[in-house]
Amino acid sequence: MMNQASEAWSEFKAMDELAGQASVIHRLHPLVKLLVTIVYIAAAVSFPKYNLSGLLVMVLYPVFVFQASLIPIRTCFRKMRVVLPLVCAVGLFNPFFDRAPLFMLGGLAVSGGVVSMLSLMMKGIFSLMASFLLIATTPIESLCQALRQMHVPKILVTLLLLTYRYISVLLEELSVMLDAYHLRAPGQKGIHVSAWGAFLGQLLLRSMDRASALYESMQLRGWSGAFYYVRGGRLTVTSLLYGVFWIALFLLARLVNLSQLLGTLLV
Amino acid sequence: MLEFEHVFFSYEKEQPILTDVSFKIAPGEQLGLIGANGTGKSTILKILLGLLPCTGGVRVGGLPVEKACLPQIRRKLGYVLQDSDNQMFMPTVYEDMIFAPLNYGLSRTEADARVDETLQQLALTHLKRRHNHKMSGGEKRMAAIATILALRPEALLMDEPSIALDPCNRRRLIHILRALPLTKIIASHDLDLILETCDRVLLLSGGRIAADGPASELLRDRALLEAHRLELPLCLSGCPEGR
Ligand SMILES: Nc1ncnc2c1ncn2[C@@H]1O[C@H](COP(=O)(O)OP(=O)(O)OP(=O)(O)O)[C@@H](O)[C@H]1O
Ligand SMILES: [Mg+2]
């Protein structure tokens, strides 16, 4: 049986593996993916709270990327299971405050609160999915490279990269230490209170030691904060078209109510 | 090529680790660094790489080990860590191996060729696409050695290179080390490996150099070795497995 830390660690490493695959989406330029994701989230979040039908169009993007990147939607929801309830809980009280009926649905009055709750949940889920898809299709190094290309300062990007590596080291050390602890304290649930201080201190020291050894190891092999070693540094026409297409679509969806327009065209 | 001149070092004030250590290694020389646990073998390697500050003169290829020269110095040195988990930081073996060559300005095709060549040399082509966190201890060790050889250093610093290797991989490593015409420092308790790969041996004890001489002589000196908590290499101890 795996302890929770080693489960978390495996999941963390599994993201790296996902990001290392080679689908159409994975091969796109990281900067394009980053920009598309940012515009997507900004557009989705900025929809007016009663505009549910307009927001619905935004589902197209994650659906497409899930298909094209061959990443199962299941994986996404499994990884987001911890934050998902929080995101959904945000709008939970809206129906109680905002009771004015907005429209009728089959003889039932739908209040503004219900609509705004739904749209808030959707915004949250969409943003989470878009971020997940970005991370699952782009290795952290490529992302850092993209940030550098957007002129985000070197120090911030380095910090991001090292933090990312540090989280992985921390989880790994934690899982090793938990195993070592439980092997010598059979039948105990969790860590005994009396050992918390020592355990935490050790965890911090060990993981910091390892993180700095890894950083030294990077420096010894010529690292100076630049991402020469990232694949796909050049912008391709495909990437460019991909970016232009989606960004245009998001803006259009935000400005015009596409689903209503589609409805009127069809009827 | 590598030079220590009256070097003093301590991690904590009252506990000197190295006291007045001096030695010189000529280009192409292969030095075995031996000594009991905690005598400062790893420390010496780290000082050479400029990872630990010390007093005294340390020079690599004529350059003093100082902040301004570190990039040049580190370019010359390939360092295999005692713990390979700390050596590998990219998701896969391939990405780890290509990291340094690309940092040093090789094109991707050149770097790719170098990676393949190194992997073939070590008979490790099957590890190329493997994920670092899903390998056994020995596989990781071989991969870590491969990442360093792909760097094509002028001098090789190895900390316990044979640890965790199966006999076959250990043998292969010895063959490769013997065939590489580099300057080498190998810190190890595997005295058989030292005997086969090094022509000179430094014995550390109590923060000083207790002995310095040809490997074939020093490693036969049972009295000297045993006085410093070591033993004869298996192949010289008359033990039947060693022959
Ligand atoms: N970060 C540190 N802080 C304080 N003391 C340290 C630190 N690292 C090592 N030491 C001490 O320095 C001494 C030399 O350590 P070093 O790692 O160089 O030994 P070594 O010869 O490589 O031993 P081994 O054969 O076990 O690898 C040891 O006594 C150790 O206790
Ligand atoms: Mg050591």
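Being a predicted model, the structure only gives us computed values, none of them experimental.

Each value, and the rule that gives it
- Residues numbered from 1 in each chain as written.
- Chains lettered and ligands numbered in written order.
- Predicted model: local features only at pLDDT ≥ 70, side-chain atom pairs only at ≥ 80, totals over all residues.
- Heavy atoms only, no water.
- Phe/Tyr/Trp six-rings, centres within 6.5 Å; stacked < 30°, edge-to-face > 60°.
- Helix = DSSP H or I, 4+ residues; strand = E, 2+ residues; numbered from the N terminus.
- Buried < 20%, exposed > 50% of the residue type's maximum accessible area, 1.4 Å probe, protein only.
- Lys NZ or Arg CZ within 6 Å of the ring centre and 35° of its normal.
- Near = heavy atom within 4 Å.
- Polar contact = N/O pair within 3.5 Å; in protein donor to acceptor, adjacent residues only side chain to side chain.
- Areas by Shrake-Rupley, 256 points an atom, 1.4 Å probe, with all protein chains shown as cover.
- Donors = N, O, S within 2.8 Å, 3.2 Å for Na, K, Ca; no water.
- Contact = heavy atoms within 4.5 Å.
- Pairing = 2+ DSSP bridges.
- Axes fitted to C-alpha atoms, helices over the stretch in contact; angles between N-to-C directions.
- Patch = residues over 30% accessible without salt bridge, like charges linked within 9 Å, V, L, I, M, F, W, Y side chains within 5 Å.
- Salt bridge = Lys/Arg side-chain N within 4 Å of Asp/Glu carboxyl O.

Visitor: Whenever I open this one, the packing of aromatic side chains confuses me. Can you help?
Guide: For any pair of aromatic rings, the description rests on two quantities: the centre-to-centre distance and the angle between the ring planes. As enumerated under the stated definition, the model contains 17 aromatic pairs over all chains in all. Between Phe4 of chain B and Phe23 of chain B, the aromatic rings sit 4.9 Å apart at their centres with planes inclined by 15 degrees, giving stacked as the arrangement. Note that Phe4 of chain B is positioned in strand β1 (residues 2-12) and Phe23 of chain B in strand β2 (residues 15-25), a separation of 19 residues in sequence. Centroid distance Phe89 of chain B to Phe99 of chain B: 4.8 Å. Interplanar angle 80 degrees. Geometry classified as edge-to-face. Here Phe89 of chain B is found in the loop between β6 (77-80) and α3 (93-103), whereas its partner Phe99 of chain B is found in helix α3, with ten residues between them in sequence. For the pair Phe89 of chain B and Phe99 of chain B, a shared accessibility class is recorded, and that class is buried. Through successive ring pairs, a cluster of aromatic residues spans Tyr40, Tyr61, Phe64, Phe126, Tyr242, Phe245, Trp246 and Phe250 of chain A. Lying across the ring of Phe47 of chain A, Arg254 of chain A places its NZ or CZ 5.2 Å from the centre. Stacked on the ring of Tyr94 of chain B, the Lys or Arg Arg129 of chain B has its end atom at 4.6 Å from the ring centre.

Visitor: It is not clear to me how the site of ligand 1 should be interpreted in this structure. Could you clarify?
Guide: All names here are of chain B. For ligand 1, the full set of nearby residues is Tyr11, Glu12, Ile17, Asn37, Gly38, Thr39, Gly40, Lys41, Ser42, Thr43, Gln82 and His189. Between ligand 1 and the protein, one listed contact pairs an oxygen atom with a side-chain N or O atom of Asn37 at 3.0 Å. Take Gln82: an N or O atom from its side chain is 3.1 Å from an oxygen atom of ligand 1. Coverage of ligand 1 by the protein chains reaches 61% of its 640 Å² of free accessible surface.

Visitor: What's the story with the coordination of the magnesium ion (ligand 2) in this structure? I'm lost.
Guide: For a metal with four tetrahedral donors the ideal donor-metal-donor angle is 109.5 degrees, whereas six octahedral donors ideally subtend 90 or 180 degrees. Residues and elements named next belong to chain B. Ser42 (OG) and Gln82 (OE1) make up the full set of protein donors to the magnesium ion (ligand 2), lying at 1.9 to 2.4 Å. Separated by 40 residues along the polypeptide, Ser42 in helix α1 (residues 41-48) and Gln82 in the loop between β6 and α3 bring together distant segments of the chain. Taking the relative accessible area as the measure of exposure, Gln82 reaches 40% and is therefore partly exposed.

Visitor: Help me out: how do you make sense of the side chain of Thr118 of chain B in this one?
Guide: Its location among the elements puts Thr118 of chain B in helix α4 (residues 108-121). Setting aside anything within four residues of it in sequence, one finds Thr118 of chain B in contact with Met97, Ala146, Leu149, Ala150 and Arg152 of chain B.

Visitor: Please explain the sheet that holds strand β7 (residues 155-159) of chain B as it appears in this structure.
Guide: The strands that make up a sheet are held in pairs by hydrogen bonds between backbone atoms, and each pair lies either parallel or antiparallel. Residue and element names in this part refer to chain B. Taken in spatial order, the six strands make up an open sheet running β6-β7-β8-β3-β9-β10, and their pairing is mixed. Unpaired on one side and paired on the other, β6 and β10 (208-214) mark the two borders of the sheet. Going across the sheet, the axis of each strand differs from the next one's by a mean of 15 degrees, ignoring polarity. Pairing geometry for strand β3 (residues 30-34) and strand β8 (residues 183-187), over four bridges, is parallel. For Gln30, the partnering residue across the bridge sits in β8 and is Lys184.

Visitor: Is there a simple way to think about a nonpolar patch on the surface in this case?
Guide: Residue and element names in this part refer to chain A. A grouping of Leu251, Leu252, Leu255, Val256, Leu261 and Leu265 is seen on the molecular surface, where their side chains present a nonpolar patch of about 580 Å² in accessible area. Here the nonpolar patch takes three residues from helix α13 (residues 237-255), the largest share from any one element. Mapped onto the secondary structure, Val256 falls in the loop between α13 and α14 (258-266).

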